[in-house]
Amino acid sequence: MSDITPIALLRDIESRVRTSATGLPEQSEVTETWSGIGFRIGEHYFVAPMSEVKEILRVPAYTRLPNVQAWVLGVSNIRGRLIPIIDLNTFLSYESQLAIRNRRILVIEQNEQSDGLVIDGVEGMQYFPVDDFNESAPAIPKE
């Protein structure tokens, strides 16, 4: 019988692999990116920062509120939190071609305030170079 133990055999295999292994290719420049959720309101496309998006839901049941702007549909209890439901199409004076049941809610949180934004569709996660980020929003065209 041989005096080679399983540990000694594993160490021998490891040393042979390390001597014959090639290194990883070096990456010359890493571009820092930020991610966001792409969404659609009518024919217009927008991006919300991923850090502010909490969830995307079907439009839940909501309770209408008296004496509020037309674009505030009401409030809804979402996971134990009372969330205002805001119709972005109405706010931006666009008309949606979709029934409310076919639209989505983008729940965003900013400064510990959550809001449910009614949107026409979700386009998925998008990645952008940090250098392309601009705090100012372009003028929103009115239809």
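Cut-off values and rules
- Throughout this document, residue positions are counted from 1 along each chain, in the order its sequence is written.
- At least 70 in pLDDT is required for a residue's local features to be given in this predicted model, at least 80 for side-chain atom pairs to be given and counted, and no such filter applies to totals for whole chains, interfaces and linings, which use all residues.
- Side-chain measures were taken over the full set of non-hydrogen atoms in the model, leaving aside hydrogen atoms and water.
- Note on pairing: two strands pair once DSSP finds at least 2 bridges between them.
- Every helix listed is a DSSP run of H or I at least four residues long, and every strand listed is a run of E at least two residues long, numbered separately from the N terminus.
- Angular values range over 0 to 180 degrees, each being the angle between N-to-C directions of two axes fitted as lines to C-alpha atoms, with helices fitted over their stretch in contact.
- Aromatic rings from Phe, Tyr and Trp, taking only the six-membered ring of Trp, are treated as a pair when their centres fall within 6.5 Å; an angle between ring planes under 30 degrees marks them as stacked, one over 60 as edge-to-face, and anything in between as tilted.
- Any residue under 20% of the maximum accessible area for its type is buried, any over 50% is exposed, and the rest in between are partly exposed; the area is computed with a 1.4 Å probe on protein chains only.

Caption draft 1: Expanded view of the sheet that holds strand β1 (residues 33–41). Taken in spatial order, the 3 strands line up as β2-β1-β8 in an open sheet, and their pairing is antiparallel. The open sheet has two edge strands, β2 (44–49) and β8 (121–129), and neither has a second partner. Direction aside, the axes of adjacent strands within the sheet are offset by 35° on average. The pairing of β1 with β2 spans 6 bridges and is classified as antiparallel. Each residue of the ladder has a partner; that of I41, found in β2, is H44.

Caption draft 2: Representation of the packing of aromatic side chains. Counted by the stated rule, this structure contains 3 aromatic pairs. Plain terms: the ring middles of F39 and F46 are 5.7 Å apart, the flat faces sit at 25° to each other, and that makes the pair stacked. The exposure class of F39 is buried, given its relative accessible area of 6%. Here F46 falls in the partly exposed class, since its relative accessible area comes to 23%. Their ring planes at 80° and their centres at 4.9 Å tell us that W71 and F91 sit as a pair that is edge-to-face. Taken together, the positions of W71 in the loop between β3 (53–58) and β4 (72–78) and F91 in helix α2 (residues 88–91) put the pair 20 residues apart, joining distant regions of the chain. A relative accessible area of 44% places F91 in the partly exposed class.

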